[in-house]
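Given next are the chains, with one letter for each unit.
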Amino acid sequence: MAAGLAVSVSIAFAAGTQVYNPQTRQWIDYDRTKAYKYYKLHKQVPESFRKQVVKFRTAERPGTIIIDGNQHFLYLVQPGQQAIRYGIGVGRDGFGWAGIVRIGRTAEWPTWTPPSEMVARDTKAAKWANGMPGGPDNPLGARALYLYEGDNDTIYRIHGTPEPWTIGLDVSSGCIRMNNDDIVDLHSRIEVGAKVIVLMQGAALYKGV
Amino acid sequence: MSTRPHAVRRPISVVAVGSLAAILSACVSAPPAPEQMSRTKVETAPADLQLLCSDAVAKASGIDTTKILPVSSSKLDSNTYQVEVDASGKKTSCLVDAEGNVKSIQPV
């Protein structure tokens, strides 16, 4: 970990994430470039963003998903005041949101159809305006959990990614991204209808509350 | 006679080095556990503590938990977090300690 983190400190800080370097005993800013170099060197994200079981004191039912957008963690509540914690990537500045929603449906290797606003502002997205088939290069990755407010699709998803090094960063257009192994694991554990609580300090948008 | 000064000096130097080490170790905080080796520049309350505040506000106000959401939080000291909760448009301030004990809730 320390070697990977020491690779680069030259790129300007973009997201608010910091990672601890045990060799220098210092917290360092963790941006997209450092994240990419770390992942290239270690073939995985820093330890705190890897799947693990943690203590989680809550009155929420097991099966509830709680997303801490600020700290870049997704918790799946388990019995016995515990949760499975996964690392996530979230919306960049202006694309963060918070609220209480639910899993409306799920898909394996989903087709990605960019929303019209994204097509308008992103030429790469415009190429796939009619839908990009599922596969390893698809931005939704191996699984997608579609977030609904009541019976309405919020257009936000929890999904996999072909860019696993972006876990821990503020990079998306509002979706919650996980590495493919983690989204496959989460997908296997949740039920359609599960409650999803999204916490994000300073969010521009609130859903379902 | 000639060895006596050394016999005295060595314990003094050992004590001095030991004291220096103790002072330095007191200044350097212990490294975080591996699962806690990430953070954000603005330190928010852990998600479970934020939701314990939501639950406390729900119980006190009678408002359904589906209409209550923590909207901001901060660390007040090493053991206490302040969480601001939005309950159907009404803002409530909650103090919760690191062990999950809600200390107070009051309207903002």
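Thresholds, definitions, all that
Residues numbered from 1 in each chain as written. Chains lettered and ligands numbered in written order. Predicted model: local features only at pLDDT ≥ 70, side-chain atom pairs only at ≥ 80, totals over all residues. Helix = DSSP H or I, 4+ residues; strand = E, 2+ residues; numbered from the N terminus. Buried ≥ 20, exposed ≤ 12 C-beta atoms within 10 Å, placed from the backbone. Contact = placed C-beta atoms within 7 Å. Rg over C-alpha atoms; globule rule 2.2 N^0.38 Å. Nonpolar A, V, L, I, M, F, W, Y, C, P; charged D, E, K, R; others polar. Pairing = 2+ DSSP bridges. Core = buried A, V, L, I, M, F, W, Y, C linked by C-beta atoms within 7 Å. Axes fitted to C-alpha atoms, helices over the stretch in contact; angles between N-to-C directions. UniProt positions renumbered as here; feature names shortened; annotations may be inferred. Domains from an automatic or database assignment. Arc of directions from axis to C-beta.

1. Some remarks on the overall build of chain B
- Assigned secondary structure in chain B consists of two helices and five strands.
- Mapped from its N terminus to its C terminus, chain B presents α and β elements in the order α-β-α-β-β-β-β.
- Counting every position in chain B, which comprises 108 residues, the buried fraction comes to 27%.
- Sequence separation of 24 or more characterises 37% of the internal contacts of chain B that already satisfy a separation of 6 or more.

2. Looking at the overall build of chain A
- Helix and strand counts for chain A come out as five helices and 14 strands.
- In terms of overall size, chain A behaves like a compact globule, its C-alpha atoms giving a radius of gyration of 17 Å where 209 residues would be expected to give roughly 17 Å.
- In terms of principal-axis extent, the alpha carbons of chain A reach across some 50 × 45 × 30 Å.
- Within chain A, the fraction of its 209 residues that count as buried is 45%.
- Considering only contacts within chain A whose residues lie at least 6 apart along the sequence, 63% involve residues at least 24 apart.

3. Digging into the interface of chain B and chain A
- Each partner contributes to the interface: chain B provides 26 residues, whereas chain A provides 32 residues.
- With six residues, helix α2 (residues 47–61) of chain B is the single largest residue contributor to the side of chain B that touches chain A.
- In terms of residue class, the side of chain B that touches chain A is built from 11 nonpolar, nine polar and six charged.
- Summarising the sheet, strand β1 (residues 17–21) of chain A and strand β1 (residues 38–40) of chain B pair through three bridges and their orientation is antiparallel.

4. Re the nonpolar core
- With 65 residues, the main nonpolar core has I67(A), L74(A), Y75(A), I88(A) and C53(B) as its most contacted residues.
- No other element matches α2(B), which puts seven residues into this core.
- Sequence-distant contacts of I67(A), that is, excluding residues within four places in its chain, are made with L74(A), I88(A), I176(A), V196(A), I197(A), V198(A) and L199(A).

5. Section: the sheet that holds strand β3 (residues 80–87) of chain B
All names here are of chain B.
- An order of β2-β3-β4-β5 is seen for the four strands of this open sheet, with the pairing classed as antiparallel. Unpaired on one side and paired on the other, β2 (68–77) and β5 (102–107) mark the two borders of the sheet. Geometrically, the sheet is characterised by an average inter-axis angle of 20 degrees between neighbouring strands, direction not taken into account.
- Examined bridge by bridge, strand β4 (residues 90–97) and β5 share five bridges and lie antiparallel to one another. Bridge pairing links S93 to Q106 in β5.

6. Brief notes about the UniProt feature "active site" (unreviewed entry) in chain A
All names here are of chain A.
- In the numbering used here, UniProt assigns the feature "active site" (unreviewed entry) to H159 and C175. Their sequence span is 17 residues, while the largest C-alpha to C-alpha distance among them is just 7.5 Å; these annotated residues converge on one region.
- By the secondary structure assignment, H159 is in strand β10 (residues 152–159).
- Setting aside its immediate chain neighbours within four residues, H159 contacts L140, G141, R143, A144, C175, R177 and I183.
- Mapped onto the elements, C175 comes out in the loop between β11 (170–172) and β12 (176–177).
- Not counting residues up to four positions away in its chain, the partners in contact with C175 are Y156, R157 and H159.

7. Notes on the domain arrangement of chain A
Residues and elements named next belong to chain A.
- According to the domain assignment, chain A consists of domain 1 (2–43) and domain 2 (51–202).
- For domain 1 and domain 2, the distance between their C-alpha centroids amounts to 24 Å.
- Taken together, the contact between domain 1 and domain 2 spans eight residues of the former and eight residues of the latter.
- Its residues assigned to classes, the side of domain 1 that touches domain 2 comprises five nonpolar, two polar and one charged.

8. So, the sheet that holds strand β2 (residues 26–29) of chain A
- Taken in spatial order, the three strands line up as β2(A)-β1(A)-β1(B) in an open sheet, and their pairing is antiparallel. At either margin of the open sheet sits one strand with a lone partner, and together these are β2 of chain A together with β1 of chain B. With strand direction ignored, the average angle separating the axes of adjacent strands in the sheet is 35 degrees.
- Bridging between β1(A) and β2(A) involves four bridges; their strand directions are antiparallel. For Y20(A), the partnering residue across the bridge sits in β2(A) and is W27(A).

9. Brief notes about helix α2 (residues 32–42) of chain A
Residue and element names in this part refer to chain A.
- Along α2, the positions that sit buried rather than exposed are K34, A35 and Y38. The arc that holds every buried residue of α2, seen down its axis, measures 100 degrees, which confines them to one face.
- Among the residues trailing α2, K43 stands out with phi positive, at a value near 60 degrees.

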